[in-house]
Amino acid sequence: MAASVVDDVRYRRVPPEGGWGLLVGVGMAMMFVVTLGSLPSFGLMFGDFLTELGEETSAIALITSCFFSALSFAGLFTNTLMKKTSCRTVGLIGAVSYIIGSMMTIFVRSTNELLISFAVFQGAGFGLMIPVSYTTFNAYFVEKRVVMMSVAQTLIGLGTMFYPIFIQRSMDAFGFRGCMAVLAAVNSHTLLAMLVMHPVGWHMRRVPLDATSSVEYGPVPTTATAAERSKTEDDFPELPAGRGLPQRNTKLRGSRRASSIPGLGNWSGPVVVSDSTERDTKPATKWQILVDFLDLTLLKDPIYVNIVLGISFALYSDLAFFTLQPMYLFMLAFSKSDVSLIIAIGAGADLISRIFLAISSTCLNIKARYVYLAGALFTIVARFGFLCVFDFYGMAIVTAIMGFLRTWIHVPLPLVFSEYLPQERFPSGYGLFMFLQGNITFAIGPIVGYIRDVTGSYTVSFHCLTLVMALCVIPWFFEICYYRLQRRARKEEPVQHVTIPMIRETKA
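It should be emphasised that the depicted structure is a prediction, and the values quoted were computed from it without experimental measurement.

What counts, and at which threshold
- Residues numbered from 1 in each chain as written.
- Predicted model: local features only at pLDDT ≥ 70, side-chain atom pairs only at ≥ 80, totals over all residues.
- Heavy atoms only, no water.
- Helix = DSSP H or I, 4+ residues; strand = E, 2+ residues; numbered from the N terminus.
- Buried < 20%, exposed > 50% of the residue type's maximum accessible area, 1.4 Å probe, protein only.
- Contact = heavy atoms within 4.5 Å.
- Areas by Shrake-Rupley, 256 points an atom, 1.4 Å probe, with all protein chains shown as cover.
- 1 Å grid on protein atoms, 1.4 Å probe; cavity = no way out; pocket = protein on both sides within 12 Å on 5 of 7 lines; lining within 4 Å.
- Points joined across faces, edges and corners; volume = space filled by probe spheres on them.
- Nonpolar A, V, L, I, M, F, W, Y, C, P; charged D, E, K, R; others polar.
- pLDDT = per-residue confidence, 0-100.
- Phe/Tyr/Trp six-rings, centres within 6.5 Å; stacked < 30°, edge-to-face > 60°.
- Core = buried A, V, L, I, M, F, W, Y, C linked by side-chain atoms within 4.5 Å.
- Axes fitted to C-alpha atoms, helices over the stretch in contact; angles between N-to-C directions.
- Parallel < 35°, antiparallel > 145°, perpendicular 65-115°, else oblique.
- Left-handed = near helix turned anticlockwise from the far one by under 90°.
- Expected span 1.5 Å × (residues − 1).
- Salt bridge = Lys/Arg side-chain N within 4 Å of Asp/Glu carboxyl O.

Trainee: Which residues make up the overall build of the chain, and what are the values?
Mentor: Along the chain, the regular secondary structure elements total 18 helices and two strands. Split into buried and exposed, the 508 residues of the chain put 53% on the buried side. A sequence separation of at least 24 residues applies to 87% of the contacts in the chain between residues at least 6 apart. Accessible surface, the chain as shown: approximately 23900 Å² in total, 65% of it carbon and sulfur.

Trainee: Lay out empty space enclosed by the protein with the relevant residues and their values.
Mentor: Evaluation of the coordinates by the stated rule reveals seven cavities of 30 Å³ or more. Of the volumes computed, that of the largest cavity is approximately 350 Å³. The wall of the largest cavity is formed by 21 residues, among which Leu36, Pro40, Thr160, Asp350 and Arg406 lie closest to the centre. At the level of elements, helix H7 (145-187), helix H12 (302-331), helix H13 (336-360) and helix H15 (392-410) are the ones that each hand at least two residues to the lining of the largest cavity. For the lining of the largest cavity, the element with the highest residue contribution is H13, accounting for six residues. Taken together, the residues of the lining of the largest cavity sort by class into 10 nonpolar, eight polar and three charged.

Trainee: Before we move on, can you summarise the confidence of the model for the chain with the specific residues and values?
Mentor: Overall, the prediction assigns the chain a mean pLDDT of 76, with 76% of residues at 70 or greater. For the chain, per-element mean pLDDT is lowest for helix H10 (residues 226-235), which scores 41, and highest for helix H14 (residues 368-386), which scores 93. pLDDT under 50 marks residues 1-7. Its contacts with residues more than four places away, or in other chains, come to one contact. Every residue in residues 211-280 scores below 50 in pLDDT, and together they form 156 contacts with partners more than four places removed in sequence or on other chains.

Trainee: Could you give an account of the packing of aromatic side chains, naming the residues involved and the relevant values?
Mentor: Evaluation of the coordinates by the stated rule reveals 26 aromatic pairs. Ring centres of Tyr328 and Tyr458 lie 6.1 Å apart, and the angle between their planes is 65°; this geometry places the pair in the edge-to-face category. Highlighted residues: Tyr328 in helix H12 and Tyr458 in helix H18 (residues 458-492), separated in sequence by 130 residues. Accessibility expressed as a relative area gives 2% for Tyr328, which makes it buried. A relative accessible area of 2% places Tyr458 in the buried class. Considering the side-chain rings of Phe417 and Phe433, the 4.8 Å spacing of their centres and the 40° angle between planes classify their relative orientation as tilted. Note that Phe417 is positioned in helix H16 (residues 413-420) and Phe433 in helix H17 (residues 426-455), a separation of 16 residues in sequence.

Trainee: Which residues make up the nonpolar core, and what values do they have?
Mentor: Of all hydrophobic cores here, the largest spans 92 residues; its most connected members are Phe32, Phe46, Leu114, Phe126, Phe386 and Phe462. The residues touching Leu114, leaving out its near neighbours within four places in the chain, are Phe42, Phe46, Phe49, Leu50, Ile63, Thr105, Val108 and Ala119. The next biggest cluster of nonpolar side chains, apart from the first, holds 30 residues, and it includes Ile303, Ile311, Leu415 and Met469.

Trainee: How would you explain the packing of helix H5 (residues 87-104) against helix H6 (residues 111-140) if you had to name every residue and give the values?
Mentor: As a packed pair, H5 and H6 sit with axes 7 Å apart at the nearest point and diverge in direction by 155°. Taken together, H5 and H6 sit at an angle that is classed as roughly antiparallel. The way H5 lies across H6 gives a crossing that is left-handed. Packed against H5, whose contacting residues are Cys87, Val90, Gly91, Ile93, Gly94, Ala95, Ser97, Tyr98, Ile100, Gly101, Ser102 and Met104, the element H6 presents Ile116, Ser117, Phe121, Gln122, Gly125, Phe126, Leu128, Met129, Val132, Thr135 and Thr136 at the interface.

Trainee: Please give an account of helix H3 (residues 42-53) that cites residues and values.
Mentor: With 12 residues, H3 extends 16 Å between its outermost C-alpha atoms, agreeing within 8% with the 16 Å of an ideal straight helix rising 1.5 Å per residue. Within the sequence span of H3, burial applies to Phe42, Gly43, Leu44, Met45, Phe46, Gly47, Phe49 and Leu50. Where H3 terminates, the next one or two residues include Gly54, which has phi positive at roughly 75°.

Trainee: Hey, could you go over the pattern of salt bridges for me, with residue numbers and the actual values?
Mentor: A side chain with one charge can pair with a side chain of the opposite charge if their charged atoms come near. A full pass over the atoms with the stated rule returns four salt bridges. Where Asp350 meets Arg354, a salt bridge forms, and the shortest distance between an N and an O atom there is 2.7 Å. Of the two residues, Asp350 and Arg354 are both situated in helix H13; the distance of four residues between them amounts to about one turn of the helix. You'll find Asp350 and Arg354 in the same group, each marked buried. Here Arg369 ties to Glu479 by a salt bridge, and the two come within 2.7 Å at their closest N and O atoms. Remark: Glu479 occurs in helix H18 and Arg369 occurs in helix H14; sequence separation between them is 110 residues.

Trainee: Could you give me a rundown of the environment of Cys464, with the residues and numbers involved?
Mentor: In this fold, Cys464 is placed in helix H18. On the accessibility criterion, Cys464 (22% relative accessible area) is partly exposed. A C-alpha to C-alpha distance of 7.1 Å links Cys464 and Val448, two positions 16 residues apart in sequence.

Trainee: Describe in detail the side chain of Ser69, supporting the description with residues and values.
Mentor: Along the chain, the position of Ser69 falls in helix H4 (residues 56-84). Ser69 has contacts with Gly438 and Phe442, leaving out every residue within four places of it along the chain.

Trainee: Talk me through the environment of Ala59; I want residue IDs and the actual numbers.
Mentor: Topologically, Ala59 is positioned in helix H4. Measuring from C-alpha to C-alpha, the distance between Ala59 and Leu114 comes to 9.5 Å, with 55 residues separating the pair along the chain. When residues no more than four places from it in sequence are discounted, the contact partners of Ala59 are Leu50 and Thr111.

Trainee: I'd like a rundown of the environment of Arg205, residues and numbers included.
Mentor: Of note, Arg205 is situated in strand E2 (residues 205-208). Sequence-distant contacts of Arg205, that is, excluding residues within four places in its chain, are made with Arg12, Arg13, Val14, Pro15, Pro16 and Glu17.

Trainee: Got a sec to walk through the packing of H3 against H6? Specific residues and values, please.
Mentor: One can describe the packing of H3 onto H6 by two numbers: an axis separation of 11 Å at closest approach and a directional angle of 155°. Comparing the axis directions of H3 and H6 gives the class roughly antiparallel. Side by side, H3 and H6 meet where Phe42, Phe46, Phe49, Leu50 and Leu53 of the first sit next to Thr111, Leu114 and Phe118 of the second. The class makeup of the residues in the contact of H3 with H6 is seven nonpolar, one polar and no charged.

This is the structure we're talking about:
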């Protein structure tokens, strides 16, 4: 008994910062390579199939819009599922959904079947796996989180760079159906990626008290179920209170500031975590439940609404542009090998940009919203140049520039919200953004495809997408200028000294 007490005092559970966490990082990178790699290559995979059906551009716009809508809805409700079951189980459900959708694409014969298999099943599965991957990764790494996330992003960039070439060669070797079968086998690796997402309680380290006396650790057991946490507490009992140990740093759960941009992950960082804000215990109406669940009171804030609308328009414009790009290059008589190489060059530039952001964020302190605004503005300029070149080398150079700028639109996205929202409202604010972004994408997605089918011109469609990107830049620019002028006017306003007269009481 005495030995047990001494052991309790001298040791504490800490995240592994490696070990099985390395497999978690590899699994997360594997999942993102498989899922993200297919998005810019959608036209390369299904372009000929949809052309045969006579529903080329409009079908691509509709399917990709439904994909991101399903992704957003699934990511929004992942937090509720995590409260009812383990984080790993939610990830496995998402992986199974993604694999089922991949297998269904082998046998698709119409646009509606492709819509169900790719947009619904694969989109929802991807939306479930994203929060699981980030939540588990953050639980395993605290001190080394930024470094390991940068390594994972590098692996993701390398994988997505070679993915278009792999698809093109599979298409040449096995045809459309055979290529879909190969991709279904590759996509089945998402199941392996989710299997390695063990609860962190299974791999906690026991570290002497002296080694952890100056370190704070985040809420690591959040990925385990109640039974798993109970088992972990029995194996590694907590220290008695008041022993001078640091308290767990709960601000890591949804902090307002992040240590750097690469520590937030990829574009698809919709990580919805639990909102610790306590709700009223009084019975609430259905509308009040919806308001509390989505925190709809944020919609009264014009700056928040401007941020949500701007990012939603920019994301849709970016994703739709790169989805239509292969079809445009085919129209210009580029071969499939040239198109896949151009897409790979853009992915390589995206990888270089991620490394650039990782290095520059350690020595430069620039607001994430300014980085996002600069990326959107320069992307508009690059797109005008894209429509002015028609040879392979010019197209490769412009695509590389746009790929480099694309990172500035996707990577800083969560940090834009964490910089503006207070700590306690970040989870609900980000979840509400996901919900609105999915609906906006679903609403405006088919419009560009319809314009392409009516006009028969890709140039007009690309100009429309550039205009959508400008709906992010222009309102943000005016908002920043307006509030800066307002603050300057307040500083220059002279202070008025008011003399309050004294009122003396008169004797009766």
